Amino acid sequence: MADYRAVQSAVRVEKLRIWFAWACGNFTLLAIALATQNIHIVSVVTQLLLVAGFLALTIALFRMTGALNRKALAARREVLGDDL
């Protein structure tokens, strides 16, 4: 049972790290877009990069979270003997 608890704790910590990285990445993109908002052509490019970066970070977030959930489910099945 301790092995399952260790996996669950590791998954929880990794999820927090992923969400924190997602928030920091989006904050950085937003800061860059706001810093260049008065330069017209650069502003358009940074806004496009902001949208593309947000989408890329969000897709990565959900894929990584899903992978961690699958890992936790496999550990649960192994330890508890569930055959869902």
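Above this text is the structure in question.
Residues numbered from 1 in each chain as written. Predicted model: local features only at pLDDT ≥ 70, side-chain atom pairs only at ≥ 80, totals over all residues. Heavy atoms only, no water.

Novice: Tell me about the overall build of the protein, and name the residues and values.
Specialist: From N to C terminus, the protein includes two helices and zero strands. Expected size for 84 residues packed as a compact globule is a radius of gyration near 12 Å; at 19 Å, the protein overshoots this value by more than 25%. Each of the three principal axes of the protein carries a C-alpha extent, and together these read 60 × 20 × 10 Å. Residues classed as buried in the protein amount to 21% of the 84 residues present. Taking the contacts inside the protein whose residues are at least 6 apart along the sequence as the reference set, 70% of them involve residues at least 24 apart. Total accessible area on the protein is roughly 6,300 Å²; 69% of this is exposed by carbon and sulfur atoms. Side-chain charges in the protein split into 9 positive and 5 negative, and the spacing between the mean points of these groups amounts to 9 Å. (Helix = DSSP H or I, 4+ residues; strand = E, 2+ residues; numbered from the N terminus. Rg over C-alpha atoms; globule rule 2.2 N^0.38 Å. Buried < 20%, exposed > 50% of the residue type's maximum accessible area, 1.4 Å probe, protein only. Contact = heavy atoms within 4.5 Å. Areas by Shrake-Rupley, 256 points an atom, 1.4 Å probe, with all protein chains shown as cover. Lys, Arg positive; Asp, Glu negative; His and termini not counted. Charge placed at Lys NZ, Arg CZ, Asp CG, Glu CD.)

Novice: Give a description of the side chain of threonine 36 that names residues and reports values.
Specialist: Here threonine 36 shows up in the loop between α1 (2-35) and α2 (40-80). According to the relative accessible area criterion, threonine 36 is buried, its value standing at 14%. With residues near it in sequence (within four places) discarded, threonine 36 still touches Val42, Ser43 and Thr46.

Novice: Break down α2 for me, citing the residues and quoting the values.
Specialist: If you check α2, its first and last C-alpha atoms are 59 Å apart, about what 41 residues at 1.5 Å a residue would give, namely 60 Å. What α2 keeps buried is the set Ser43, Thr46, Gly53, Thr58, Leu61, Thr65, Gly66, Leu68, Ala72 and Ala75. Downstream of α2 by one or two residues, glycine 81 has phi in the positive range, about 75°. (Expected span 1.5 Å × (residues − 1).)

Novice: Before we move on, could you go through the nonpolar core and cite the residues and values that matter?
Specialist: Counting residues in hydrophobic clusters, the biggest one holds eight residues: Tyr4, Val7, Val11, Ile18, Leu61, Leu68, Ala72 and Ala75. When residues of this core are traced back to their parent elements, those giving at least two are α1 and α2. If sequence neighbours within four positions are ignored, valine 11 has contacts with Leu68 and Ala72. (Core = buried A, V, L, I, M, F, W, Y, C linked by side-chain atoms within 4.5 Å.)

Novice: Tell me about the packing of aromatic side chains, and please be specific about residues and values.
Specialist: Counting across every chain of the model gives three aromatic pairs. Plain terms: the ring middles of tryptophan 22 and phenylalanine 54 are 6.2 Å apart, the flat faces sit at 55° to each other, and that makes the pair tilted. Of the two residues, tryptophan 22 sits in helix α1 while phenylalanine 54 sits in helix α2, which places them 32 residues apart along the sequence. For tryptophan 22, a relative accessible area of 22% gives the class partly exposed. Of the aromatic side chains, those joined through ring pairs into one cluster are Trp19, Trp22, Phe54 and Phe62. (Phe/Tyr/Trp six-rings, centres within 6.5 Å; stacked < 30°, edge-to-face > 60°.)

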